[in-house]
Amino acid sequence: MSEKSEDGVNTICPYCGVGCGLKLHEGDEQGEVNIKPWFEAPVNEGALCIKGGAATEVVDHEERLMDPLIREDGEFREATWDEAFELITDEMQRIRDERGPDAMGFFGSSKCTNEENYLLQKLARRYGTNNVDNCTRMCHASTVAALRQSLGMGAMTNSMRDLREAADVFWIQGANPAEQHPIAHSQYFRQAILEDAFVVQVDPHVNKTSRDADLHLQVKPGTDIPLLNVVLKMILDNDWVDEEFIEARTEGYEEFVETLDEFDSEEAAEICGVPLEDIQRAAEEYATAENAAIFTGMGMSQHACGTDNVQNLINLALATGNLGRPGTGVNPLRGQNNVQGTCDVGTMYNTFPGYIPIDDDEKRKEVEEVWGFELPTTPGLSNVEISKAAGDTVHGLYVMGENPIISEPNANEVKRRLEQLEFMVVQDIFMSETAELADVVLPATSWAERGGTVTNTDRRVQRMRAATRVPGNTRHDLDILTEVGTRLFGDGFEFDAPEAVFEEIRQVMPIYHGMTYDRLGLEGLQWPCYDKDDEGDPYLYQETFETANGLGKMRGVEHQPPKEVPDEEYPFVLTTARLEEHYNTGTMSTRSPTLNRRTPENFVDVHPEDAERLGIEDEQYVKLVSRRGEVVVKANVNENVEQGVIWSTPHFADSPINQLTNDVLDPVAKIPEYKASAARVDVD
Ligand code: SF4
C-alpha cells in the first residue's frame, strides 16, 4: 500500500526530541520536497519551530554526498558501492584477524532510526565487540543512569500532554525548552504557564525560558547539587515531605536525611550565588503544589557529577511524592529526534537492546537465541573512550551519522587520535569534518528519503516515512548495514525493509513487544507496550517503581565542584548550550539558509563588567583559550551571564567550542563535563 496521499506523506521532524509530525510532498523540481502542516500530528498539532520549518533545506542541498568515496594517495576519489564494500569488509576482517574484535569501534547516531541503530549495534556485536555507543553519551547518559538506578527506567516519567493538563509547578533545571524544544514549550509548557502554573528555572544563563519563568535561579555553573540540597533541607525543616509516599514507595530515606543533618544552607546558597530567599520561595512552590513536575536537560547531565545531579532531582520528587501521577515526575528533555530510541535498541557499550546489562547471563541468552550467535561479554568502551583509545587499542572505526571531531570535548585531541586510526568509514549525508579524515565515505539518504521509527522524548515511537526518491548514488543507512553485515557474516542481516528489522526489535525488546507498524499508524505508541492490547504508558510508576524491589531509591549527594575551576591563568568558567536556530555540530543546520540568516556565526556572551575590565567592545572578535585549545568568536556583551562566566555554543565548525571543553568523565555514566571548563578571553 502506498504511503503517499494527495497532500503528502506523514513523517517526523529530523531535529529535536519533541518529535513533531509534518507532511512532506514533492515539488515540481527534481529532488524538491516541501513541508505542509500535519494538523492531527499527535505531538505538535501542526506547529513547527524554525528548525522544523526549514528542515527540507538540507534535503536537496547542492553539497549532499552522492557517490561513495575512497581515499587513495591522500585524496578522495569516487568509487562504486562494490569497491567501497569490498574495502570496508576487507579492512574490518584484517583488523579483527590481526588485533581482535575490540580493536574496532562503532558510533551510532540519534539522527538515525531505531532500525538503523539496532542493525549497527548488532553488526558490532556480531563482529565480537561491545565497543558501540551513540551520542546520548554526550547528552543524557547520566540522566539515564540515575533514572535506571533509582526508578528503574531511563526515560521521561510523564508525557507532555499530561504535564500540560495537570502540572501546577514546572521545575526546569539545566534546560531551556523555549529555545531547545520550542514546540514542547509553546504547545505544552507555555499553555500551562498561561493557565497559572508556576515556573522555576535554574540555569546559569538568561534565556527565553528564564524570561518566561516566575522565578529564575541563576546558579553558578556546577553548583546544582548544593542548590538542590538547600531546597531539600528546607523541605525537611518545614515538614513538606510526603511521609505516606516515602514510607510506602521509597528506600534510603533515613540515610538520605542524615546526609543533610549538618548541612549549612547559607554557605551553600553562597556557593550557588543565589539568594536564600529565592531558593526558599522555589522550594515552597514546588513542595506544596498538588502536582509538581521536574524537567531536566544537559545543564544537569553534562557534568563529571551528572549522575549525582540527576539523583538529587529524583530525591526531590521522591521526598515530595511527585511521581506516578499526571503532572509530576522527572522528565529529561531529549536532544535529537531519536536519542531515546537509540538507547532503547542497545546502541550502547554497556547494554544490549531493551537495556539488558551485558553481564545479565539469563537475558543475554534470550537475545542470543533470536540472533543465533554468542554475544560478547567483555565490557565495551564508550564513544569518548573509543576516541581516546584510537591509535592505542582501537585501530578501526565505523561512524554512522556522527561528527566526533566537532561534538566531542577536547576536540583537538580527538582529531589527533582519529588521525592515527588504520581505517575509518563514515556514512553521512554531507562531508563532515570527521568524514574528511575517513578512508571510506558512504553517501546516505536523508530523513525525507527513508522510513523507519524514531522514539521521541516522551517515549512515543513514531513512524518516519519516505517522501521522495533516493537521490544520485545514495543508499539508506539500513541497506548499507545489511550489505556490510551480509558480506561479513553471510547471515543475520537479510532485511529488505525497516519493518522487517522492527519485527526483530519487537522480539528482543519487551518494552516494544506490543508494537507493530500497523499499530503505530499515525499516532505512534508510548513504551512500555508489552502486548498487542497494550495502549502504552503515558506516565510511569503508577503503582510501583521498576527497580528490583519496586521501591524508589533516595541517596544523598554532596557538592562536587567542577574538575577544572578558574585560576589566575584561566579566570573564567566557560559553559555551553544549544541555540534555537542550530543543531549539534551544524552539519545540517549551518547549511540551511533560513537558520543561517537568523544566526550566521558563533558568539560568546561576556558580562559588561568583565568586558570593560578586558577592554572588549560589543561584537568585537576575541580569542577564547583553555588548556586544550583556542577559538576566535564574536563577543556579545550582555547581562545574560554573571561576572566570571562566559557562555557559547557548540554548533559551528569554524569556531569549534569543543576544542576548549574538558573531557573529564562522570565515573558512572561516562558523560563528559562540557558545562564547566576553565578559560580566558584574549583580546588582540
Ligand atoms: Fe522539530 Fe523539535 Fe522544532 Fe518540533 S520542536 S519542529 S521536533 S526541532
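Residues numbered from 1 in each chain as written. Predicted model: local features only at pLDDT ≥ 70, side-chain atom pairs only at ≥ 80, totals over all residues.

Some points on the environment of Ile-671
By the element assignment, Ile-671 lies in the loop between strand S27 (645–648) and strand S28 (677–682). C-alpha of Ile-671 to C-alpha of Ala-304: the two residues are 367 residues apart in sequence and 7.0 Å apart in space. Residues in contact with Ile-671, not counting those within four places in the same chain, are Arg-137, Met-138, Ala-141, Ser-142, Ser-301, Gln-302, Gly-306, Leu-665 and Asp-666. (Helix = DSSP H or I, 4+ residues; strand = E, 2+ residues; numbered from the N terminus. Contact = placed C-beta atoms within 7 Å.)

Quick word on the domain arrangement of the protein
Domain boundaries in the protein define domain 1 (9–58), domain 2 (69–135 + 346–523), domain 3 (141–333) and domain 4 (572–661). Contacts between the two partners involve four residues from domain 2 and, on the opposite side, seven residues from domain 3. Taken together, the residues that form the side of domain 2 that touches domain 3 break down as one nonpolar, one polar and two charged. (Domains from an automatic or database assignment. Nonpolar A, V, L, I, M, F, W, Y, C, P; charged D, E, K, R; others polar.)

Observations concerning the packing of helix H10 (residues 224–237) against helix H16 (residues 306–319)
Contact geometry for H10 and H16: axes closest at 9 Å, N-to-C directions at 15 degrees. One way to sum up the angle between H10 and H16 is to call them roughly parallel. The two elements H10 and H16 meet at a crossing, and its hand is left-handed. Contacts between H10 and H16 involve Asp-224, Ile-225, Leu-228, Val-231, Leu-232 and Ile-235 on the former and, on the latter, Asp-308, Asn-309, Asn-312, Leu-313, Asn-315, Leu-316 and Ala-319. Taken together, the residues that form the contact of H10 with H16 break down as eight nonpolar, three polar and two charged. (Axes fitted to C-alpha atoms, helices over the stretch in contact; angles between N-to-C directions. Parallel < 35°, antiparallel > 145°, perpendicular 65-115°, else oblique. Left-handed = near helix turned anticlockwise from the far one by under 90°.)

Section: the sheet that holds strand S2 (residues 21–26)
Reading across the sheet, the three strands line up as S1-S2-S3 and stay open at both edges, with antiparallel pairing between neighbours. Strands at the two margins of the open sheet, each flanked by one partner only, are strand S1 (9–12) and strand S3 (33–36). Neighbour to neighbour, the strand axes of the sheet diverge by 45 degrees on average, direction disregarded. Bridge analysis of S2 against S3 gives four bridges, and the strand direction is antiparallel. Bridge pairing links Lys-23 to Lys-36 in S3. (Pairing = 2+ DSSP bridges.)

Structural notes on the site of the ligand
Surrounding the ligand, one finds 14 residues, the nearest of these being Cys-13, Cys-16, Cys-20, Cys-49 and Gly-52. Broken down by secondary-structure element, the contributors of at least two residues to the shell around the ligand are helix H1 (50–53) and helix H8 (182–194). The residue inventory of the shell around the ligand, partitioned by class, reads nine nonpolar, four polar and one charged. Mapping the shell around the ligand onto the domain boundaries places at least three of its residues in each of domain 1 (9–58) and domain 3 (141–333). (Near = placed C-beta within 6 Å.)

Details of the pairing of strand S19 (residues 452–455)
Within a regular beta strand, the side chains point alternately toward one face of the sheet and then the other, so they alternate between its two faces. Alternating residues of S19 divide into Gly-452 and Val-454 and Thr-453 and Thr-455, and every residue in both groups is buried. Connecting S19 to the next strand, strand S20 (residues 460–464), in antiparallel fashion are four residues, including Arg-459 with a positive phi near 70 degrees. (Buried ≥ 20, exposed ≤ 12 C-beta atoms within 10 Å, placed from the backbone.)

Overview of the pairing of strand S17 (residues 423–428)
Counting buried positions along S17 yields six of six residues, so the element is predominantly enclosed. Burial along S17 is two-sided: Phe-423, Val-425 and Gln-427 and Met-424, Val-426 and Asp-428, pointing in opposite directions, are all buried. As defined by bridge partners, strand S16 (residues 396–400) adjoins S17 across five bridges and the pair is classed as parallel. Of the residues in S17, the one forming a bridge with Gly-396 is Phe-423.

What to know about the sheet that holds strand S5 (residues 75–78)
Overall, mixed pairing links the seven strands, which are arranged S5-S4-S18-S17-S16-S6-S7 in an open sheet. What marks the edges here is a single partner per strand, and that holds for S5 and strand S7 (132–133). The sheet contact formed by S17 and strand S18 (residues 440–443) spans four bridges and is parallel. The residue bridging Val-425 from the neighbouring strand is Val-440, located in S18. Running at roughly 135 degrees to S18, helix H2 (residues 81–99) makes contact with strand S4 (69–72), strand S6 (104–107), S16, S17 and S18 of the sheet.

A look at helix H22 (residues 477–489)
Over its 13 residues, H22 extends 18 Å from the first C-alpha to the last, a length consistent with the 18 Å expected when each residue adds 1.5 Å. Along H22, the residues that are buried comprise Asp-477, Leu-478, Asp-479, Ile-480, Leu-481, Thr-482, Val-484 and Gly-485. Of the surrounding secondary structure, the elements contacted by the buried residues of H22 are H2, helix H3 (114–127), S16, S17, S18 and helix H23 (498–508). Looking one or two residues beyond H22, the residue adopting positive phi is Gly-490, at roughly 85 degrees. (Expected span 1.5 Å × (residues − 1).)

Focus: H10
Between its first and last C-alpha atoms H10 spans 20 Å; for 14 residues at 1.5 Å apiece the expected length is 20 Å, and the two agree. Within H10, 11 of the 14 residues are buried, which leaves it mostly tucked inside the rest of the structure. Of the residues making up H10, those classed as buried are Asp-224, Ile-225, Pro-226, Leu-227, Leu-228, Asn-229, Val-230, Val-231, Leu-232, Met-234 and Ile-235.

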